[in-house]
Amino acid sequence: QVQLLESGGGLVQPGGSLRLSCTASGTWYDINVMGWYRQAPGAQRELVAVAAFRSDLVDKYGDFVKGRFTISKDNAKTAVYLQMDNLEFDDTAVYYCYIDVRPERWRAQEHWGQGTQVTVSS
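Residues numbered from 1 in each chain as written. Predicted model: local features only at pLDDT ≥ 70, side-chain atom pairs only at ≥ 80, totals over all residues. Heavy atoms only, no water.

Side note on the overall build of the protein
Stated formally: To qualify as a helix, a DSSP run of H or I must reach at least 4 residues; to qualify as a strand, a run of E must reach at least 2; elements of each kind are numbered from the N terminus. As defined in this context, the radius of gyration uses C-alpha atoms, and a globule is described by 2.2 Å times the residue total to the power 0.38. Throughout, exposure labels follow a simple rule: accessible area from a 1.4 Å probe, protein chains only, divided by the maximum for the residue type, with under 20% read as buried, over 50% as exposed, and the rest as partly exposed. Whether two residues are in contact is decided by their heavy atoms: any pair within 4.5 Å suffices. Computed with the Shrake-Rupley method and a 1.4 Å probe, the accessible areas treat only the protein chains shown as cover for residues. In this charge count, Lys and Arg are treated as positive and Asp and Glu as negative; neither His nor the chain ends contribute. Where a charge lies is defined by one atom per residue type, namely NZ (Lys), CZ (Arg), CG (Asp) and CD (Glu).
Scanning the protein from terminus to terminus reveals zero helices and 11 strands. The helix and strand sequence of the protein, counted from the amino end, reads β-β-β-β-β-β-β-β-β-β-β. Computed over C-alpha atoms, the radius of gyration of the protein comes to 14 Å, within 12% of the 14 Å expected from 2.2 N^0.38 for 122 residues, which places it in the range of a compact globule. Here the C-alpha coordinates of the protein stretch approximately 45 × 25 × 25 Å along the principal axes. Looking at the protein residue by residue over its 122 residues, the buried ones come to 43%. Across the protein, contacts joining residues at least 24 apart in sequence account for 55% of those joining residues at least 6 apart. Carbon and sulfur atoms provide 45% of the accessible area of the protein, an area that totals close to 6700 Å². One way to put it: in the protein the 12 positive side-chain charges average out to a point 4 Å from where the 14 negative ones average out.

See the structure below:
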């Protein structure tokens, strides 16, 4: 079983910054990607950023990020960090940690964290 532990959400003013952290624990053959999605009220869940843990994969960002967010990872800790700068009102959402692992070499499995609230408000 895979577990994800998130931290770092909160309230911030427009133009401010937040850093989200997520650590994974469990067992797997390897990890494909790990990162963050978000869901605003009444909207679909969307990709924020994922970091590639396999050398044949690449990091990906949502189109709305536009250079404001940076994802990084710590392989030894199986952790990802999302540095969010220049936050805007529209960034208000629940941010979910996400991991795509291979329990065995021939299959993939997705897991989600509980979510952490990010609110951008003046």
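Back to the write-up after that little detour.
A short note on the sheet that holds strand S3 (residues 18-25)
As a reminder, the rule being used: Paired strands, as defined in this entry, are two strands with at least two bridges between them according to DSSP. Under this scheme, a helix contributes an axis fitted over its contacting stretch, all axes are lines through C-alpha atoms, and angles between N-to-C directions fall in the 0 to 180 degree range.
In space, the four strands of this open sheet follow the order S1-S3-S8-S7, with antiparallel pairing throughout. With partners counted over all chains shown, the strands left at the sheet margins are strand S1 (3-7) and strand S7 (69-74), one partner each. Recorded for the sheet is a direction-independent mean angle of 15° between the axes of neighbouring strands. Where S7 lies against strand S8 (residues 79-84), six bridges are found, and the strand directions are antiparallel. Within the sheet, the bridge partner assigned to Asp-74 lies in S8 and is Ala-79.

Regarding the pairing of strand S4 (residues 30-39)
The element S4 is largely enclosed, with a buried count of eight among its 10 residues. Across nine bridges, S4 lies against strand S9 (residues 93-104) in antiparallel orientation. The residue bridging Trp-36 from the neighbouring strand is Cys-97, located in S9. Taken together, the six bridges between S4 and strand S5 (residues 46-52) define a ladder with antiparallel strand orientation. Within the sheet, the bridge partner assigned to Gly-35 lies in S5 and is Val-50. The turn joining S4 and S5, which pair antiparallel and follow one another in sequence, is formed by six residues; a positive phi near 75° is taken by Gly-42.

Interpretation in functional terms is not warranted from these geometric data alone.
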